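# An overview of the molecular structure
The primary structure of each chain is shown beneath.
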Amino acid sequence: MSKSPRRPVAGLPDEETLIAFLREAGTAEKTDIARHFGLKGGERRALREMIRALEEAGKLGKRGRKGFSEVGALPPVGVADVVERDMDGELYVRLVEASADAPRALLVPDNDKPGPAPGMGDRVLVKFARGEDGWEARLIKTLDAGANKVLGVIRKSNKEVRVEPVDRRSEDVLLVPHAQAEGLRDGDLVLAAIEKGDQRYGPKRGKILEKIGHEGDARAASLIAIAAHNVPMGFSEAVEKEAEDQELPSLMGREDLRDLPLITIDPADARDHDDAVYAMRDEDPKNADGWIVWVAIADVAAYVRPNTNLDREARDKGNSTYFPDRVEPMLPERLSNGLCSLKQGENRACMAVRMVFDKDGRKTGHKFVRGLMRSQAKLSYEQAQAAIDGQTDDTTGPIMAAILDPLWAAYRTMLKGRLKRSPLAIESAERRIRMNDQGQIISIEPRVSLEAHRLIEEMMIQANVCAAETLEQKRTPLLYRVHDAPSQEKLFNLGDFLQTIGKPWTKGEPATTKRFNKLLDETRGGDHAEVVNEVVLRSQMQAIYSAENVGHFGLNLDRYAHFTSPIRRYSDLIVHRGLIRALGLGKDGLTDREISELPAIAEQVTMTERRSMAAERAAMDRYMAAFLQERVGATFPGRITGVTRFGLFIRLDETGADGLVPVSTLGTEYFTHDDKSHALVGERSGARWTLGRTVEVRLKEATPITGGLVFEMLSEPAPRDPNAPAPRLGQRARGPGGGGFPKRGGGRPGGPKPPKGGRPSGGLKGVRKGKRR
């Protein structure tokens, strides 16, 4: 608990005095409150009743296991996590042991402190205070568990050996003894430890812990991301042995589904196949024009049993992590690409759900079975789509009438129900890095969205809904996939921006997916389509795992759980075990111990998902910088995707790469950051750089080792807006003579990372490989 304030004690306090005490203390347990006020016997019982009444009245909330705090309040000092970056690049923190009502706070860095500024995912010690626009968190220090380690590149000279950090935010250049660097080359990637000492000036002293690779390696970007984000690599001998000892599945305790013509549809380069689908017309006369849809999922629970070595390492990894050149899988290859992969023509254990839909696409019933299946065909998305578009091949031709046509007919019926539900229709352009066998980048291109992708996505969503419904009906605890509605603060910020482009947005109206979709439809195809899509995306909360259900706002569903990818997500394995327990399908279901640990498991798999997302993004940034390195000096069209006090973030149209135009290079005057209109405004001329504007830039620097891109602005700013209010004071940007952009960029090429905050866990783009709804 925070340090208790000193004040006179005089028996049982009234409600106002108790709340005032908690406001000053931040958080306190009942015993601490009683001790502070000197309460004994009956007074302690009266205190418990008072706290219960204040809880019911919504004035107090729980914090941690036993603590209480004023609703909506934060302690004077606390440990918090950096959880969000807004559309202007500002960072927000949330108290580590926060109550459900605890607000986020704007992180105010101390630029006078040495060292890098904190970034997304960092843990910090802060001092909380109420500001004019909400809570602020003033940085005291960063509490990073890996703060004494540096991932860097060896730079050798006759006089010294240095380790230069690959993190663009870090300034920890280390000097290491020549003796330690024997056998290492200039450019080797190493993990080094900062040695403790009283040194105050010059580079810090370090000790090399291990060699990771070399900066010239074609696949260095993934290795750096894995090491920098502590993504677990490989498997222990015990886990590999457990995986190798698993046997082929049999019919014992299973329903025989081998005559059901299930097929897999996956990316062309997929090595594991964790889901299969089939559809047929419902012959029940009561369901005219209805459909039966089967979704079969690899039965990972049959091989990864609770409290085994396999289970413990899978839980630690949390999920598979996907890079352009490699995958760090959650399960060993014997399972992920073998026994748990639904390979064509081979018997495989599965958990399957049979769903019934009426002619309007409404699901009227479902049933889960534990079965033995045999995939009839393995198709890629492109192959399946080509067949539907009339271009069949030797694989799709023979199954066209019996399998593919019914699948698409069922999907188009299901689509009616989806359109009525109106899930959030955000469009987000994903990029794909194509590499040759040597790991060299051939091209960076947009991922094409096919109807085949949407078919599989909708069938997986419905299977996930069935899992949540069944577990609730059977009163079995589960891990929900939840996505909360946007906060009022986010809606107000969205309204402020839309006002600048002349789009009406009533701030007081509640958030609904239909309301967002109406806005997206009205702007689609227009000049502001891309930026409106971006700001709507950033206004969303992030999806998480939770033992408590708040629904899924983006999908517009009351209950939702991840069931369809247990090969690569531990959350789905927990849901499978829950179904086995709830339906009596075996002895390897969810245990009592796991039920008691569900909140901790939810927190763990949410953390590992964020870890993987950060590592995947970091690798993409580095690969893009490597791809563009040979084009330094070239000009590119792009769009302003972030406006901050230290510069403009630009996203290139051609590759989707993000980089920075430092404010110090924008002209000869100072610029003011107008956070309401998301613009940099010249103090003398009133010239404006606004979010969403298309511009032309020249690439000045591309640094693959950090993933940093620095641009020079070639376009002219927009003229003064005669209707714009004067910018608020205290938001002066750093112009010429202002020291360039601040230390959060570490002075390294590329500066701060582009704004990513508010993305609802992968952008609400899907449930397939590499996507997370």
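Scroll up a little and you will see the structure.
Residues numbered from 1 in each chain as written. Predicted model: local features only at pLDDT ≥ 70, side-chain atom pairs only at ≥ 80, totals over all residues. Heavy atoms only, no water.

### What to know about the overall build of the protein chain
- Helices and strands together make up the secondary structure of the protein chain, namely 16 helices and 34 strands.
- Looking at the protein chain as a whole, 54% of its 773 residues are labelled buried.
- Long-range pairs, those at least 24 residues apart, make up 68% of the contacts in the protein chain between residues at least 6 apart in sequence.
- Approximately 34500 Å² of the protein chain is accessible, and the part contributed by carbon and sulfur atoms is 47%. (Helix = DSSP H or I, 4+ residues; strand = E, 2+ residues; numbered from the N terminus. Buried < 20%, exposed > 50% of the residue type's maximum accessible area, 1.4 Å probe, protein only. Contact = heavy atoms within 4.5 Å. Areas by Shrake-Rupley, 256 points an atom, 1.4 Å probe, with all protein chains shown as cover.)

### Some points on helix H9 (residues 400-421)
- The terminal C-alpha atoms of H9 lie 30 Å apart, and with 22 residues this matches the ideal 32 Å at 1.5 Å per residue to within 8%.
- Among the residues trailing H9, Ser422 stands out with phi positive, at a value near 55°. (Expected span 1.5 Å × (residues − 1).)

### Things to note about unusual backbone geometry
- Although it is not a glycine, Asn230 sits at a positive phi angle of roughly 55°.
- Along the chain, Asn230 turns up in the loop between helix H4 (220-228) and helix H5 (237-244).
- A residue is classified by how much of its surface remains accessible, and Asn230, at 58% relative accessible area, is exposed.
- A positive phi angle is found at Asn307, which is not glycine, with a value near 65°.
- Along the chain, Asn307 falls in the loop between strand E17 (291-298) and helix H6 (309-317).

### What to know about the packing of aromatic side chains
- As enumerated under the stated definition, the model contains four aromatic pairs in all.
- Taken together, a centroid distance of 5.4 Å and an interplanar angle of 80° make the contact between Phe368 and Phe563 edge-to-face. With Phe368 in strand E21 (residues 363-374) and Phe563 in the loop between strand E26 (544-546) and helix H14 (570-583), this pair connects stretches of sequence that are 195 residues apart.
- Residue Phe368 is classed as buried on the basis of its relative accessible area of 7%.
- What links up through ring pairs into an aromatic cluster is the set Trp505, Phe516 and Phe553.
- Of note, Arg481 hangs over the ring of Tyr545, and the distance from its end group to the ring centre comes to 4.5 Å.
- Note that Arg515 overlies the ring of Trp505, its terminal NZ or CZ placed 3.7 Å from the centroid. (Phe/Tyr/Trp six-rings, centres within 6.5 Å; stacked < 30°, edge-to-face > 60°. Lys NZ or Arg CZ within 6 Å of the ring centre and 35° of its normal.)

### Thoughts on a positive patch on the surface
- Judged by side-chain charge, Lys30, Lys40, Arg44, Arg45, Arg48 and Lys62 come together as a positively charged surface patch.
- Element by element, the count of residues in the positive patch is highest for helix H3 (residues 42-56), at three residues. (Patch = residues over 30% accessible without salt bridge, like charges linked within 9 Å, V, L, I, M, F, W, Y side chains within 5 Å. Salt bridge = Lys/Arg side-chain N within 4 Å of Asp/Glu carboxyl O. Lys, Arg positive; Asp, Glu negative; His and termini not counted. Charge placed at Lys NZ, Arg CZ, Asp CG, Glu CD.)

### Quick notes on the side chain of Thr655
- Following the sequence through the fold, Thr655 ends up in the loop between strand E28 (647-652) and strand E29 (658-662).
- Overall, the relative accessible area of 1% leaves Thr655 in the buried class.
- Within polar-contact distance, the side chain of Thr655 engages the backbone nitrogen of Ala657 at 3.2 Å.
- Leave out the neighbours within four places in its chain, and Thr655 touches Arg431, Ile444, Met624, Phe627 and Leu628. (Polar contact = N/O pair within 3.5 Å; in protein donor to acceptor, adjacent residues only side chain to side chain.)

### A short note on the pattern of salt bridges
- By the definition in use, this model includes 45 salt bridges.
- The closest approach of N and O atoms between Arg155 and Glu164, which form a salt bridge, is 3.8 Å.
- In the salt-bridge network here, residues are joined through shared partners; they are Arg155, Glu164, Asp186 and Glu215.

### Focus: the packing of H5 against H6
- In contact at an axis separation of 8 Å, H5 and H6 are set at 120° when each is read in the N-to-C sense. Taken together, the axes of H5 and H6 are oblique relative to one another. With respect to the hand of their crossing, H5 and H6 are arranged in left-handed fashion. Across the interface between the two elements, Ala238, Val239, Glu242 and Ala243 of H5 pack against Asn309, Leu310 and Glu313 of H6. (Axes fitted to C-alpha atoms, helices over the stretch in contact; angles between N-to-C directions. Parallel < 35°, antiparallel > 145°, perpendicular 65-115°, else oblique. Left-handed = near helix turned anticlockwise from the far one by under 90°.)

### Quick notes on the nonpolar core
- If you look at the biggest cluster of nonpolar residues, it comprises 89 residues, and the most contacted ones within it are Val295 and Met459.
- When residues in this core are grouped by element, the largest group, 10 residues, is from helix H10 (residues 451-473).
- If near-sequence neighbours (up to four positions away) are discounted, Met459 is found in contact with Val277, Val293, Val295, Met355, Leu407, Tyr411 and Met414.
- Listed in part, the 54 residues of the second largest apolar core include Leu520, Ala657, Val661 and Ala702. (Core = buried A, V, L, I, M, F, W, Y, C linked by side-chain atoms within 4.5 Å.)

### So, the pairing of strand E23 (residues 431-435)
- The two faces of E23 differ: Arg431, Ile433 and Met435 on one face are buried, but Arg432 and Arg434 on the other face are not.
- As defined by bridge partners, E23 adjoins strand E24 (residues 441-446) across five bridges and the pair is classed as antiparallel. Each bridged residue has a counterpart across the sheet, and for Ile433 the counterpart in E24 is Ile444.
- Linkage of E23 to E24, two consecutive antiparallel strands, is achieved through a turn of five residues, within which Gly439 is found at a positive phi near 85°. (Pairing = 2+ DSSP bridges.)

### Remarks on the sheet that holds strand E5 (residues 91-95)
- On the basis of which strands lie adjacent, the closed barrel formed by five strands has the order E4-E5-E6-E8-E7 and mixed pairing. The sheet shows a mean angle of 55° between the axes of neighbouring strands, direction not considered.
- One ladder, built from two bridges, connects E5 with strand E6 (residues 105-108); its direction is antiparallel. Looking across to E6, one finds that Tyr92 is bridged to Leu106.

### Considering the sheet that holds strand E30 (residues 671-674)
- Pairing is antiparallel across the open sheet formed by three strands, whose spatial order is E30-E31-E32. Edge positions in the open sheet fall to E30 and strand E32 (688-690), since each of these has one partner strand only. Sheet twist, expressed as the average angle between the axes of neighbouring strands with direction ignored, equals 20°.
- Pairing geometry for E30 and strand E31 (residues 679-682), over four bridges, is antiparallel. In the strand pairing of E31, His673 is matched with Leu680.

### A short note on the side chain of Gln604
- Note that Gln604 resides in helix H16 (residues 598-628).
- From its side chain, Gln604 meets the backbone oxygen of Asp316 in a polar contact 3.2 Å long.

### So, a nonpolar patch on the surface
- Residues Val79, Val96 and Leu143 make up a contiguous nonpolar surface patch of roughly 180 Å² in combined accessible area.
- Along the chain, Leu143 falls in the loop between strand E8 (134-142) and strand E9 (149-156).

### Points about the environment of Ala243
- With respect to the helices, strands and loops of the structure, Ala243 is situated in helix H5.
- When its relative accessible area of 0% is taken as the criterion, Ala243 is described as buried.
- Counting along the chain gives 93 residues from Ala243 to Ser336, while the straight-line C-alpha distance between them is 9.8 Å.
- Once residues within four sequence positions are removed from consideration, Ala243 is found in contact with Leu310, Pro332, Arg334 and Leu335.

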